[in-house]
Amino acid sequence: MSDYRRLYLPGGTYFFTVVTHGRQPLFSDEQNIEKLRSAFRYVKTRRPFKVIAAVVLPDHLHCLWQLPVADTDFSARWQMIKTDFSRHVPARLNKDGSKNLWQPRYWEHCIRDDEDFGRHLDYIHYNPVKHGLASAPLEWKFSSFRRFVRIGWYDAAWGVSEPEDIRRMEFE
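Predicted model only: the values in this text are computed from it and were never measured.

About the cut-offs
- Residues numbered from 1 in each chain as written.
- Predicted model: local features only at pLDDT ≥ 70, side-chain atom pairs only at ≥ 80, totals over all residues.
- Heavy atoms only, no water.
- Helix = DSSP H or I, 4+ residues; strand = E, 2+ residues; numbered from the N terminus.
- Rg over C-alpha atoms; globule rule 2.2 N^0.38 Å.
- Buried < 20%, exposed > 50% of the residue type's maximum accessible area, 1.4 Å probe, protein only.
- Contact = heavy atoms within 4.5 Å.
- Lys, Arg positive; Asp, Glu negative; His and termini not counted.
- Charge placed at Lys NZ, Arg CZ, Asp CG, Glu CD.
- Core = buried A, V, L, I, M, F, W, Y, C linked by side-chain atoms within 4.5 Å.
- Pairing = 2+ DSSP bridges.
- Salt bridge = Lys/Arg side-chain N within 4 Å of Asp/Glu carboxyl O.

(A) Spotlight on the overall build of the chain. When its secondary structure is counted, the chain shows 4 helices and 4 strands. For the chain, the N- to C-terminal ordering of α and β elements is β-α-β-β-α-β-α-α. The C-alpha atoms of the chain give 16 Å as radius of gyration, which agrees with the globular expectation for 172 residues (16 Å, within 12%). Along the longest, intermediate and shortest principal axes, the C-alpha atoms of the chain span 50 × 35 × 35 Å. Burial analysis of the chain (172 residues in total) assigns 47% to the buried set. At a minimum sequence separation of 6, the contacts of the chain that also span at least 24 residues come to 69%. Looking at charge distribution, the chain has the averaged site of its 26 positive side-chain charges lying 7 Å from that of its 22 negative ones.

(B) View of the nonpolar core. Among the nonpolar cores identified, the biggest contains 47 residues, and Leu61, Trp65 and Trp78 are the most heavily contacted of them. Breaking this core down by element, the ones donating at least two residues are strand E1 (13-19), helix H1 (30-46), strand E2 (50-56), strand E3 (60-66), helix H2 (74-88), helix H3 (114-130) and helix H4 (145-150). For this core, the leading source of residues is H3, giving 6 residues. Discounting residues that sit within four places of it in the chain, Trp78 has contacts with Phe16, Val18, Phe40, Leu61, Cys63, Trp65 and Tyr106.

(C) Fine view of the pairing of E3. Counting buried positions along E3 yields 6 of 7 residues, so the element is predominantly enclosed. In this structure, E1 lies alongside E3, joined through 7 bridges in antiparallel fashion. Looking at E3, one finds that Val19 is bridged to His60. In terms of strand pairing, E2 meets E3 through 6 bridges, oriented antiparallel. Each bridged residue has a counterpart across the sheet, and for Val55 the counterpart in E3 is His62. Hairpin connection between E2 and E3: a loop of 3 residues separates the two successive antiparallel strands.

(D) Spotlight on the side chain of Asp84. Along the polypeptide, Asp84 turns up in helix H2. Buried and unpaired, Asp84 has Arg87 as its nearest opposite-charge partner, separated by 4.6 Å. Non-local contacts of Asp84, meaning those with residues more than four positions away in its chain, are made with Ser38, Ala39 and Tyr42.

Here it is as structure tokens:
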């Protein structure tokens with residue numbers, strides 16, 4: 001058993017990687033992406049948080065969240081998102097009635113400063129290119145990249161080649 005401990009900071013900003021069970025390409029189906037969006041909306045009405053950036057790939061997703069000022073509980077939110085999504089996606093049931101749609105754990109990283117934030121934002125937006133799903137971030141429609149282009153954080157041509165600041169980052 002691992003003795004890994006998560007860092008819970010009130011109002012913290014976090015980077016997450018969440019992977020499907022057995023790397024099933026659940027999000028190759030756009031209907032499942034909509035069900036994931038619906039799960040996020042559902043949970044945000046009950047346990048508010050801000051999704052700063054996100055990308056959804058066929059078998060995993062990355063996102064940056066900011067929690068409310070006095071709140072630390074991202075774990076309950078992920079449990080609720082996974083549960084709500086699982087309720088709405090048909091899948092074979094295990095003997096105990098559960099579904100194997102998600103890896104049981106996820107990767108989280110508490111953002112330390114502006115430089116750390118920028119690296120993780122770049123990692124999220126470059127991920128479809130890294131996985132060979134697009135030749136540039138602008139081509140991948142299941143990403144917050146276009147929103148960041150509209151607000152002037154990125155040039156539309158950014159990410160045609162891998163940014164130096166994320167070359168050694170690996171959160172798959």
